[in-house]
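Overview (structure and organization)
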Amino acid sequence: CFLSLIYGEDSEEIKVLRHFRDEALDKTPEGKETIRVYYKWSTEILRIMEEDEKVKEVLKAVTDGILPLIKTSVELSEGDTSTSTMVGGHRGKILLTY
């Protein structure tokens, strides 16, 4: 998993991403397709990252940008709604943190 190379296998970020994969993405056809594509390209992305540190930095910046939304989603799925709200009426909701 190329994200493990970025954050470390046992990092908090990887735990959050795995929870999101298992508890949100894996519950919908679109999410399952996202997982399939991720794993299809993961090995190639990992190879490119090992050859080019800039690619690794860009992927980390992109992932860092969406991690707050994913963390909010994980918190909501665990019942912590104290500082967050959901907008939308279906899976794949937009999550806003105040």
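In this report, the structure presented in the accompanying data block is examined. Quick caveat, the model's predicted, so the values are computed rather than measured.

Overview of the nonpolar core
- Judged by nonpolar contacts, Phe-2, Leu-3, Ile-6, Tyr-7, Ile-14, Val-16, Leu-17, Met-49, Leu-67, Ile-70 and Val-74 together constitute the single largest core of 11 residues.
- Of all elements in the fold, only helix 1 (2–7), helix 2 (12–23) and helix 4 (53–77) reach the threshold of two or more residues within this core.
- In terms of residue count, helix 1 provides more of this core than any other element does, 4 residues in total.
- Once you skip the residues sitting within four places of it in the chain, Val-74 turns out to touch Val-16, His-19 and Phe-20.

Things to note about the packing of helix 3 (residues 29–51) against helix 4
- Contact pair helix 3 / helix 4: the axes reach a minimum separation of 5 Å and the direction vectors enclose 120 degrees. When the axes of helix 3 and helix 4 are compared, the pair comes out oblique. Across from Ile-45, Ile-48, Met-49 and Glu-51 in helix 3, the residues of helix 4 making contact are Glu-53, Val-55, Lys-56 and Leu-59.
- Partitioned by chemical class, the residues of the contact of helix 3 with helix 4 number 5 nonpolar, no polar and 3 charged.

Description of helix 2
- Its 12 residues place the ends of helix 2 16 Å apart at the C-alpha level, agreeing with the 16 Å of an ideal helix rising 1.5 Å per residue.
- Within helix 2, burial applies to Ile-14, Val-16 and Leu-17. For helix 2, the arc enclosing every buried residue in end-on projection is 160 degrees, short of the 170-degree limit, so these residues lie on one face.
- At its buried positions, helix 2 is contacted by helix 1 and helix 4.

Overview of the pattern of salt bridges
- Scanning the entire structure with this criterion turns up 7 salt bridges.
- Across the salt bridge formed by Asp-26 and Lys-32, the nearest N and O atoms sit 4.0 Å from each other.
- According to the relative accessible area criterion, Asp-26 is partly exposed, its value standing at 37%.
- Given a relative accessible area of 44%, Lys-32 falls into the partly exposed group.
- One salt-bridge network, held together by shared partners, links Glu-44, Arg-47 and Glu-51.

Each value, and the rule that gives it
Residues numbered from 1 in each chain as written. Predicted model: local features only at pLDDT ≥ 70, side-chain atom pairs only at ≥ 80, totals over all residues. Heavy atoms only, no water. Core = buried A, V, L, I, M, F, W, Y, C linked by side-chain atoms within 4.5 Å. Buried < 20%, exposed > 50% of the residue type's maximum accessible area, 1.4 Å probe, protein only. Helix = DSSP H or I, 4+ residues; strand = E, 2+ residues; numbered from the N terminus. Contact = heavy atoms within 4.5 Å. Axes fitted to C-alpha atoms, helices over the stretch in contact; angles between N-to-C directions. Parallel < 35°, antiparallel > 145°, perpendicular 65-115°, else oblique. Nonpolar A, V, L, I, M, F, W, Y, C, P; charged D, E, K, R; others polar. Expected span 1.5 Å × (residues − 1). Arc of directions from axis to C-beta. Salt bridge = Lys/Arg side-chain N within 4 Å of Asp/Glu carboxyl O.

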